[in-house]
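Inside the fold
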There are 2 protein chains.
Amino acid sequence: MTGLTDAEVRELFRGTRCLVTGGLGFIGSNVALALCEGGADVTIVDALVPRHGGNVNNIAGASPHFIVADMGDSAAVTEPLSRAQYVFNVAGQVSHVDSMQDPLADLEVNGRSQLAFLELVRRTNPEAVVVYTSTRQVYGRPRYLPVDETHPVDPVDVNGVAKYAAEQFHRIYHDVHRIRTVSLRITNVYGPRQRLTGDHQGFIPVCVRCALEGHPIRIYGDGDHERDCLYVSDVVAGLLRAAVCEESHGEVLNLGNDEHFQLQEIADLTVRLAGGGSMERVPWPRERERIAIGSCWTDSSKAKEMLGWQPTVTLEDGMRETLAYYREHLRWYV
Amino acid sequence: MTGLTDAEVRELFRGTRCLVTGGLGFIGSNVALALCEGGADVTIVDALVPRHGGNVNNIAGASPHFIVADMGDSAAVTEPLSRAQYVFNVAGQVSHVDSMQDPLADLEVNGRSQLAFLELVRRTNPEAVVVYTSTRQVYGRPRYLPVDETHPVDPVDVNGVAKYAAEQFHRIYHDVHRIRTVSLRITNVYGPRQRLTGDHQGFIPVCVRCALEGHPIRIYGDGDHERDCLYVSDVVAGLLRAAVCEESHGEVLNLGNDEHFQLQEIADLTVRLAGGGSMERVPWPRERERIAIGSCWTDSSKAKEMLGWQPTVTLEDGMRETLAYYREHLRWYV
């Protein structure tokens, strides 16, 4: 499999039955669209929780089945799950700040619903492959760079704890119940179909919106923290490869980028490519400074070797694509 | 504080207001009784969940206040919590096997209720010191021995994941909200007031009951897995020291024992001291073998240095005390 191109990997899903949790959200919808294009039979389960990023416009032009339900809802999910060969388990609450303001809601969605879903898999379809999207956030403040999979896990907020618990549940269901799960710890993802509203989202969507609407991008402190970023199509390629790579089942793999940039460089690039917006330096807000992690970028050697995966889209190209998408569809996202 | 005896440390609590969650259970009741004897004003919160070990007989002879409620129940817990200077947060579900049979119940109790309780602390009494009883189980299968606090965390069952999530919540509430929390990763505890019924409890209480009732103690496989064991009064001493040791707040510390024994040695000792029972070797049951961790004992150097703590009761002495207690009170526990 490591010798296949991304397009060839997508072809492996032709005619297969795939379930995508959180499939109306940012990463989930991009996975669902790629699978539809590849000829898979795709069912989406999405709870459409306000603020979580689910948006029916995200699947405009395609026609997957979709079910509006919490992924842990047995009555709604059992039937489509029982038929699935591949599950792309992407559902979740992603805001770090929100997780500190309503921690119980975060644990409910990112912990309890995930565990309830794994119980459904165990009972109704233990043959399915389950690809779980974890996050590099589980590492917390990096003790060395780049961060590889052996780096200590030490999340700085409730979201990181709940995501890590779900990742461990996937590992335990592999080890104890022999379900073929794999977890990808994904770095900062950007691209079309990401939620732009609310200032509790990631840095890149905030930049994109400010630049397109001509508002200043607020940079906290020096803006010199560095990040690696992945264009969403590269993430989708990694998830599809993990699904069909048996060697990766039971494993945890980073999906990140060797390229890394200061936050102010990302803002600069966005303003330049958008031809609008500006930068404004502001002091760190207290609730953000306390969960800030400093610079972070990740080592994806394991995924490259095991999956034959690598990022193919530069930040400049990805940002250009992203801006073009939102210029056309901004009304869906604001 | 490191120069004080355990009795002198207990005196530090005279006249203080203490809350003990899970205070009708095994460790919790022993903490509550020690605090009562030391002259503290003690309130117990316990949900008395069947199978979790809460037992009103455990506090016979003492008169702490007690409230039957889930620790996350705001209406019941807010008032006593708001007055507490020290919280001994001992509540939890402890069976590894049960956590795999009803994983959602385990996450509810060990994860969600803990997080709800920390939210109550943050809102109503952020000045309180909170001592949380974590478990050496978070380490999973030891990669080296003895296991110290830097050993990778890799629990083998849902109980370990949920307990670790709660431990991390305590750390985050310290780091972000400045609440003085400390977590103790406790090894196998035994002694008076432990639940004896059900075969989903720990190895030692099963041995004690079998020996006292004259039934054979079932040893899985070779019985050569080794464990360190702590008599409950040594655990209580460690928890009290952590509460008043400011240096330990924000930290995670092992509480274990340099002494370690094969499971068959523990069974032998119990049979010998009890003057009854026998040993029977049986094959590993499948649901236990899959979550077995092999030999495990822990390094408590950090707690010894930071708290001035050390175990004082040998397994032989502790087992003798334990058998004497249950000979007198067996009717409360079977």
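First, a word on scope: everything that follows refers to the structure included in this document.

Reading guide: rules and limits
- Residues numbered from 1 in each chain as written.
- Chains lettered and ligands numbered in written order.
- Predicted model: local features only at pLDDT ≥ 70, side-chain atom pairs only at ≥ 80, totals over all residues.
- Heavy atoms only, no water.
- Least-squares fit on C-alpha atoms with pLDDT ≥ 70 in both.
- Contact = heavy atoms within 4.5 Å.
- Buried < 20%, exposed > 50% of the residue type's maximum accessible area, 1.4 Å probe, protein only.
- Helix = DSSP H or I, 4+ residues; strand = E, 2+ residues; numbered from the N terminus.
- Pairing = 2+ DSSP bridges.
- Right-handed = clockwise from strand over helix to strand, strands pointing away.
- Expected span 1.5 Å × (residues − 1).
- Axes fitted to C-alpha atoms, helices over the stretch in contact; angles between N-to-C directions.
- Phe/Tyr/Trp six-rings, centres within 6.5 Å; stacked < 30°, edge-to-face > 60°.
- Buried area = accessible area lost by both parts, 1.4 Å probe.
- Salt bridge = Lys/Arg side-chain N within 4 Å of Asp/Glu carboxyl O.
- Polar contact = N/O pair within 3.5 Å; in protein donor to acceptor, adjacent residues only side chain to side chain.

Quick word on the relation of the copies chain A and chain B
The transformation that overlays chain A on chain B combines an axial shift of 0.0 Å with a rotation of 180°, and the residual RMSD is 0.0 Å. The superposition operator between the copies reduces to a two-fold rotation axis. When each C-alpha of chain A is compared by its distance to the rotation axis, A:Ala165 comes out closest, at 3.2 Å. A share of 100% of the interface residues of chain A reappears at the interface of chain B, consistent with the copies meeting face to face through the same patch.

A short note on the pairing of strand S5 (residues 129–135) of chain B
All names here are of chain B. Taken across its seven residues, S5 has seven buried, putting it largely inside the fold. Neither face of S5 is exposed, since Val129, Val131, Thr133 and Thr135 on one face and Val130, Tyr132 and Ser134 on the opposite face are all buried. By the bridge criterion, four bridges tie strand S4 (residues 86–89) to S5 in an arrangement that is parallel. For Phe88, the partnering residue across the bridge sits in S5 and is Val131. As judged from the seven bridges shared by S5 and strand S6 (residues 180–186), these two strands associate in the parallel manner. Paired with Ser134 across the two strands is Arg185, which belongs to S6. For the crossover that starts at S5, traverses helix H6 (residues 158–175) and ends in the parallel S6, the hand is right-handed.

What about helix H2 (residues 26–37) of chain A?
Residues and elements named next belong to chain A. A rise of 1.5 Å per residue sets the reference length of H2, with its twelve residues, at 16 Å; its end C-alpha atoms lie 17 Å apart and thus fit the reference within 8%. Where burial is concerned, most of H2 is hidden: ten out of the twelve residues are buried. Listed as buried for H2 are Phe26, Ile27, Gly28, Ser29, Asn30, Val31, Ala32, Leu33, Ala34 and Leu35. Elements that come into contact with the buried residues of H2 comprise helix H1 (6–11), strand S1 (17–21), strand S2 (41–46), strand S4 (86–89), strand S7 (188–190) and helix H8 (232–244).

Things to note about the pairing of strand S1 (residues 17–21) of chain B
Residues and elements named next belong to chain B. For S1, a buried count of four out of five residues is recorded, marking the element as mostly surrounded by other parts of the structure. Where S1 and strand S2 (residues 41–46) come together, five bridges link them in parallel fashion. Bridge assignment links Arg17 to a residue of S2, and that residue is Asp41. For the handedness criterion, the β-α-β arrangement of S1, helix H2 (residues 26–37) and S2 is classed as right-handed. Sheet analysis places S1 next to S4, joined by four bridges and oriented parallel. Bridging from a neighbouring strand, Thr21 pairs with Asn89 of S4.

Considerations on the sheet that holds strand S11 (residues 252–255) of chain A
Residue and element names in this part refer to chain A. With parallel pairing, the seven strands of this open sheet are ordered in space as S3-S2-S1-S4-S5-S6-S11. Whereas interior strands pair on both sides, the edge strands pair on one side only; in this sheet they are strand S3 (65–68) and S11. Neighbour-to-neighbour, the strand axes of this sheet turn through a mean angle of 20°, independent of strand direction. Here H2 sits on the sheet in contact with S1, S2 and S4, set at roughly 165° to S1. Its contacts with the sheet place helix H6 (residues 158–175) against S4, strand S5 (129–135), strand S6 (180–186) and S11, and it is angled at close to 155° to S5.

Some words on the packing of aromatic side chains
Following the criterion strictly, the structure yields 17 aromatic pairs over all chains and no others. Ring centres of B:Phe13 and B:Phe88 lie 6.0 Å apart, and the angle between their planes is 55°; on these two criteria the pair is classed as tilted. Here B:Phe13 is found in the loop between helix H1 (6–11) and S1, whereas its partner B:Phe88 is found in strand S4, with 75 residues between them in sequence. There is no split in this pair, since B:Phe13 and B:Phe88 are both buried. Look at B:Tyr326 and B:Tyr333: their rings are 5.2 Å apart centre to centre, the planes differ by 85°, and that puts the pair in the edge-to-face class. For the pair B:Tyr326 and B:Tyr333, a shared accessibility class is recorded, and that class is buried. By way of ring pairs, the aromatic residues A:Tyr325, A:Tyr326, A:Trp332 and A:Tyr333 are connected into one cluster.

Describing the interface of chain A and chain B
Taken together, the contact between chain A and chain B spans 28 residues of the former and 28 residues of the latter. Regarding the contact of chain A and chain B, the summed buried area is about 2,600 Å², with carbon and sulfur atoms giving 67% of it. Run the count over chain A and chain B and you get two salt bridges. Linking B:Arg171 and A:Asp154 is a salt bridge whose minimum nitrogen-to-oxygen distance equals 3.2 Å. Our count for the chain A to chain B interface comes out at six residue pairs in polar contact (both at pLDDT 80 or more).

Remarks on unusual backbone geometry
Following A:Leu145, the chain continues to A:Pro146 via a peptide bond in cis, the omega torsion being -10°. With a phi close to 45°, A:Leu48 is a non-glycine residue in the positive phi region. Structurally, the position occupied by A:Leu48 is in the loop between S2 and S3. Phi angles above zero are rare outside glycine, and B:Arg178 is one such case at about 65°.

Nothing here speaks to function; it is geometry throughout.
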